Amino acid sequence: MLTTRTSWQHKNICPLLALLSLLLAGSCSGPPVTTQPVTGETADLAVLQQQLSTLQARAEQVKDANAIKKLQRAYGYYVEKGLWDEATKLFADDATLELARDGVYIGKERIRQYFYALGEGKQGLRQGQLNEQLQVMPVVTLGADGKSAKARWRNILLLGALGKHAELGEGPFENEYVKDNGIWKFSKMKWQQAVLVPYTGGWAKNEDYNKGIWVSGKLPPDAPPTEDHGWWPQTWLLPFHFSNPVATYAPPSAPVAAAPASPGSQPKQGDKP
Amino acid sequence: MIRHPALNMLRKLRGVALLTGSVSMLALAADAPKSVQQLAQDVARLQAEVVNLEAENDLENLQGIFGFYFDKNEWQQAADLFTDDATLEWGGSGVYAGKARILAYLQSLGAEGPQEGLLNDQMQLQPIVTVAPDGLSAKARWHLFSQEAVHGVNHFWGTGVYENEYRRENGIWKISKLQLYSTMLTPYQDGWGVTALPRSKPSTRLPPDRPPSTDYQNYPAVFVPPFHYENPVTGAQVLAQPAADAAAKLTSMSALSEELASLDKRIGLLQDADAVERLHTIYGYYLAHNKWDELAGIFTSDGTIEIALRGVYKGRDSVRRNLNLYGVQDELKGTLHNHMQYQPVIHIAPDGQSALMRSRAFSLMGNYGGSGRFMGGTYENLFVKRDGIWQLHLDHQFNTYFASYDVGWKDLQWIAAPGISQTNPPDSPPTVQFEMYPRPFLPPYHYKNPVTGK
């Protein structure tokens, strides 16, 4: 069955035009030309080869998005069990890590130190510790270079220690990834601790339980937080890396306002401090 | 699982020719043309890759479908997703072997079908699917996050990790092994800081066929369920491997051309599935931050939104008007409005122009100094592709519950969903009058059982 996605599969497509497009890096999207003479198997093969190359590139994009999702999910499965060494391996050598309000840790070795600080120097969870961190809601955006990507995720957290404390929380990641020698890695991890509150009473009755500070007191960061908007109940939007995939809504055009603004209509700018 | 480091190396080398853009095309044009035989090898490899990418999507659908059946005690439907020789092991239940025994186990959990006073939301999250090189079997790790209640009796939070196996029989994927490693179970009123319940024990009423395969304990003990995969960065990659005779079937120019046309369509459908899932997830992020103009903008000009029995708002202008019911655009001071979207079961139409999706909603809502609440629900949405861009055409949510944080689900009094607004009314009444917990209701499915077609 033919599809409308490309016209390359039409057997009668002009091979010369196709070869020319190859050289010009264009795509043969014009109307099929049927009157050109067939120039032999070599040209036909070149057409098929180009068609295959395009399909391989498209399949590679699907594989890239899947690999990035797998990477982030693997991160979640390692971190929730305190497997810091495995988690660290997922980062590029020059990656940066910025979780909550702890500031920025630069490079793989510092990221490893950060994770170990979370685990109080030890690999694995402590007896009686719960560290569930569910990685959900991926929005993956591949870079045009085929070697970089960004993704937004949501982390759901159920943390605590039996007989001591329990917290429920969530927050978004805006992460960046790099394809290094065919393998996707984290190049930048940034997570906003939107809310993390004692389970008893939840977000209606509690402020953030650690004000977004985890280990920076004992392991100072390499750079301060890239932005700081406080902690719950302070709310802010970690900007989306993606643009609207369809369009931003615009209201139907209002009747033309012919009259000049009356002296009573104040500009809005003075409304908020 | 068979691994192919050599193939991985080959892939890396071949990657040079995979770059998009003018540079690679020029480089490609400079290459000596390949022979039909060489081309056939490459096409066969791409074919195998596409088969495995399709399998990843099919398996995410399959596990999601299992989860939605489990939610509503649809035991027969759930059991039909297994191979005849499958095994099931749920926490400390021990092993039930064979489809008939799996059905018996599931039936031992409660009466068939949605039940009055029963909440059993079993979220299937965070999939890592690994398809075998031959595309005939697969393994997957999933996260379970559950909200369970018997009205007036008890209510729980639960978490766990699945390590499951799947097999393709006559082209249809089935579950061949379902193993849930339970992690945590706690009564809602206590939470995990106060009470941790032990993992389940083998039933005496319906003893398993084999004792538990793994000796472990729930939280507060620490246990790491074994991983079926190696570290994705440092471990060997699992790559699709074409069948030995795959290339031999592509010996003519016309056979190659036909196969490429077929792959063109199939890769298009894979990209469509990615685009639809991405769009729906973005919907969730816009909703969570009161980005009403952005949210209304992803609807078709004649799209509809129908949520919480508020009725149907038709057309993008009405959709935008509907969103005013949920708060002021961009304004979220001290307010949590997190609407999470996950467990999508997506079916793209063969022509790639429309898609149906069932997915799960879970919301954390409320405001500081006021009150908190949870919402659970199910979406059945329709997406369409217009001018080459996927858009949301029909957004329909069946809410399962709105639960006050302080009350949870055990003593949640039945209330109707919010219903029609008098000040901002819909264009038409709700298309389906659904019921919320503790009353039973089964949101209609857009799909049939993928194994039985029922």
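Note that the structure is a prediction, hence the values are computed from the model and not measured. (Residues numbered from 1 in each chain as written. Chains lettered and ligands numbered in written order. Predicted model: local features only at pLDDT ≥ 70, side-chain atom pairs only at ≥ 80, totals over all residues. Heavy atoms only, no water.)

1. A few points about the overall build of chain B
So, point 1. Along the backbone of chain B there are eight helices and twelve strands.
So, point 2. Looking at the 454 residues of chain B, the share that counts as buried comes to 59%.
So, point 3. When contacts within chain B are restricted to residue pairs at least 6 apart in sequence, those whose partners lie at least 24 apart make up 68%.
So, point 4. When the accessible surface of chain B is split by element, carbon and sulfur atoms take 54% of a total near 17,100 Å². (Helix = DSSP H or I, 4+ residues; strand = E, 2+ residues; numbered from the N terminus. Buried < 20%, exposed > 50% of the residue type's maximum accessible area, 1.4 Å probe, protein only. Contact = heavy atoms within 4.5 Å. Areas by Shrake-Rupley, 256 points an atom, 1.4 Å probe, with all protein chains shown as cover.)

2. Brief notes about the sheet that holds strand 11 (residues 372-386) of chain B
Residue and element names in this part refer to chain B.
So, point 1. Taken in spatial order, the six strands line up as 8-7-12-11-10-9 in an open sheet, and their pairing is mixed. The open sheet has two free edges, formed respectively by strand 8 (313-314) and strand 9 (335-348), since each of these has just one partner strand.
So, point 2. When strand 11 meets strand 12 (residues 389-404), the two strands line up antiparallel, connected through twelve bridges. Across the sheet, the residue bridging to Val384 is Gln391, located in strand 12. (Pairing = 2+ DSSP bridges.)

3. Observations concerning helix 3 (residues 36-71) of chain B
Residue and element names in this part refer to chain B.
So, point 1. Over its 36 residues, helix 3 extends 52 Å from the first C-alpha to the last, a length consistent with the 52 Å expected when each residue adds 1.5 Å.
So, point 2. Buried residues dominate helix 3, accounting for 29 of its 36 residues.
So, point 3. The first or second residue beyond helix 3 is Asn73, which carries a positive phi of 55 degrees. (Expected span 1.5 Å × (residues − 1).)

4. Points about helix 4 (residues 108-118) of chain A
All names here are of chain A.
So, point 1. Every buried residue belonging to helix 4 is among Arg110, Ile111, Tyr114, Phe115, Tyr116 and Ala117, and all of these are buried.
So, point 2. Looking at the buried side of helix 4, the elements it contacts are helix 2 (41-79), helix 3 (84-88), strand 1 (91-99) and strand 2 (104-106).
So, point 3. Once helix 4 finishes, Glu120 follows within two positions and takes phi at roughly 50 degrees, a positive value.

5. Points about the interface of chain B and chain A
So, point 1. Contacts between the two partners involve 121 residues from chain B and, on the opposite side, 106 residues from chain A.
So, point 2. Between chain B and chain A lies a buried interface of about 10,000 Å² when both sides are counted; carbon and sulfur atoms form 64% of it.
So, point 3. Counting the surface chain B buries against chain A, the share from its top three residues, Gln126(B), Trp192(B) and Tyr285(B), is 8%.
So, point 4. Measuring nitrogen to oxygen at the nearest pair gives 2.6 Å for the salt bridge that ties Arg58(A) to Asp264(B).
So, point 5. Taken together, the connections running from chain B to chain A amount to 36 residue pairs in polar contact (both at pLDDT 80 or more).
So, point 6. Top element by residues in the side of chain B that touches chain A is helix 6 (residues 253-288) of chain B. It accounts for 23 residues. (Buried area = accessible area lost by both parts, 1.4 Å probe. Salt bridge = Lys/Arg side-chain N within 4 Å of Asp/Glu carboxyl O. Polar contact = N/O pair within 3.5 Å; in protein donor to acceptor, adjacent residues only side chain to side chain.)

6. Considerations on the sheet that holds strand 1 (residues 82-90) of chain B
All names here are of chain B.
So, point 1. The strand order across the open sheet formed by six strands is 2-1-6-5-4-3, and the pairing between neighbours is mixed. Each having just a single partner strand, strand 2 (95-97) and strand 3 (118-131) make up the two edges of the open sheet. Pairwise comparison of adjacent strand axes, ignoring direction, gives a mean angle of 15 degrees for this sheet.
So, point 2. Where strand 4 (residues 137-150) lies against strand 5 (residues 154-169), 14 bridges are found, and the strand directions are antiparallel. Each residue of the ladder has a partner; that of Ala140, found in strand 5, is Asn164.
So, point 3. Sitting on the sheet, helix 5 (residues 99-107) is in contact with strand 1 and strand 2, with an inclination near 40 degrees to strand 1. (Axes fitted to C-alpha atoms, helices over the stretch in contact; angles between N-to-C directions.)

7. Here's the deal with the packing of aromatic side chains
So, point 1. The tally for this structure, following the rule as stated, stands at 50 aromatic pairs over all chains.
So, point 2. Relative to Trp75(B), the ring of Phe70(B) lies with its centre 5.2 Å away and its plane at 85 degrees, an arrangement referred to as edge-to-face. Like Trp75(B), Phe70(B) is buried.
So, point 3. Judged by centre distance (5.8 Å) and plane angle (25 degrees), the rings of Trp157(B) and Tyr188(B) are stacked. Taken together, the positions of Trp157(B) in strand 5 and Tyr188(B) in the loop between strand 6 (172-187) and helix 6 put the pair 31 residues apart, joining distant regions of the chain. The two residues Trp157(B) and Tyr188(B) agree in class, both being buried.
So, point 4. What links up through ring pairs into an aromatic cluster is the set Tyr199(A), Trp203(A), Phe145(B), Trp157(B), Tyr188(B), Trp192(B), Phe362(B), Phe374(B), Tyr401(B), Tyr405(B) and Trp409(B). (Phe/Tyr/Trp six-rings, centres within 6.5 Å; stacked < 30°, edge-to-face > 60°.)

8. Thoughts on a nonpolar patch on the surface
Residues and elements named next belong to chain B.
So, point 1. A surface patch of nonpolar side chains, amounting to about 220 Å² of accessible area, comprises Leu118, Val150 and Val153.
So, point 2. Its place among the elements puts Leu118 in strand 3.
So, point 3. Overall, the relative accessible area of 31% leaves Leu118 in the partly exposed class. (Patch = residues over 30% accessible without salt bridge, like charges linked within 9 Å, V, L, I, M, F, W, Y side chains within 5 Å.)

9. Thoughts on unusual backbone geometry
So, point 1. Following Trp232(A), the chain continues to Pro233(A) via a peptide bond in cis, the omega torsion being 15 degrees.
So, point 2. With respect to the secondary-structure elements, Pro233(A) resides in the segment after helix 5 (202-205).
So, point 3. Between Tyr219(B) and Pro220(B) the backbone carries a cis peptide bond, its omega angle lying at 20 degrees.
So, point 4. Backbone geometry places Asn73(B), a non-glycine residue, at a positive phi of 55 degrees.
So, point 5. In this structure, Asn73(B) sits in the loop between helix 3 and helix 4 (75-79).
So, point 6. The class for Asn73(B) is buried, based on a relative accessible area of 3%.

10. Focus on the packing of helix 2 of chain A against helix 3 of chain B
So, point 1. Relative orientation of the contacting elements helix 2 of chain A and helix 3 of chain B amounts to 30 degrees, with a least axis distance of 10 Å. With respect to their mutual orientation, helix 2 of chain A and helix 3 of chain B come out roughly parallel. Of the two possible hands of crossing, helix 2 of chain A and helix 3 of chain B adopt the one that is left-handed. Taking contact as the criterion, the partners of Glu41(A), Leu45(A), Leu48(A), Gln49(A), Leu52(A), Leu55(A), Gln56(A), Ala59(A), Val62(A), Lys63(A), Asn66(A) and Arg73(A) in helix 2 of chain A are, on helix 3 of chain B, Val36(B), Leu39(B), Asp42(B), Val43(B), Leu46(B), Glu49(B), Leu53(B), Glu56(B) and Glu60(B).
So, point 2. Of the residues belonging to the contact of helix 2 of chain A with helix 3 of chain B, the class tally is eleven nonpolar, three polar and seven charged. (Parallel < 35°, antiparallel > 145°, perpendicular 65-115°, else oblique. Left-handed = near helix turned anticlockwise from the far one by under 90°. Nonpolar A, V, L, I, M, F, W, Y, C, P; charged D, E, K, R; others polar.)

11. Some points on the pairing of strand 5 of chain B
All names here are of chain B.
So, point 1. Hairpin connection from strand 4 to strand 5: three residues lie between these consecutive antiparallel strands, with Gly152 at a positive phi of about 80 degrees.
So, point 2. Strand direction decides the pairing type here: strand 5 and strand 6, joined by twelve bridges, are antiparallel. By the bridge assignment, Gly160 is partnered in strand 6 with Ser182.
So, point 3. If you look at the hairpin formed by strand 5 and strand 6, you'll find two residues sitting between the two strands, and Asn170 has a positive phi there, around 50 degrees.

12. Regarding the confidence of the model for chain B
So, point 1. The predicted model of chain B has a mean per-residue pLDDT of 93, with 93% of residues at 70 or higher.
So, point 2. For the stretch residues 1-30 of chain B, pLDDT sits under 50, and the model shows 45 contacts to residues farther than four places along the chain or on other chains. (pLDDT = per-residue confidence, 0-100.)

13. Brief notes about the packing of helix 3 of chain B against helix 6 of chain B
To characterise two packed helices, one gives the angle between the axes of the helices and the distance between these axes.
All names here are of chain B.
So, point 1. One way to put it is that helix 3 packs onto helix 6 with a least axis distance of 10 Å and a crossing angle of 25 degrees. When the axis of helix 3 is compared with that of helix 6, the two are roughly parallel. As helix 3 packs across helix 6, the resulting crossing turns out to be left-handed. Here helix 3 contributes Val36, Leu39, Ala40, Val43, Leu46, Gln47, Val50, Val51, Leu53, Glu54 and Asn57 to the contact with helix 6, which in turn contributes Met253, Leu256, Glu259, Leu260, Leu263, Arg266, Ile267, Leu270 and Ala273.

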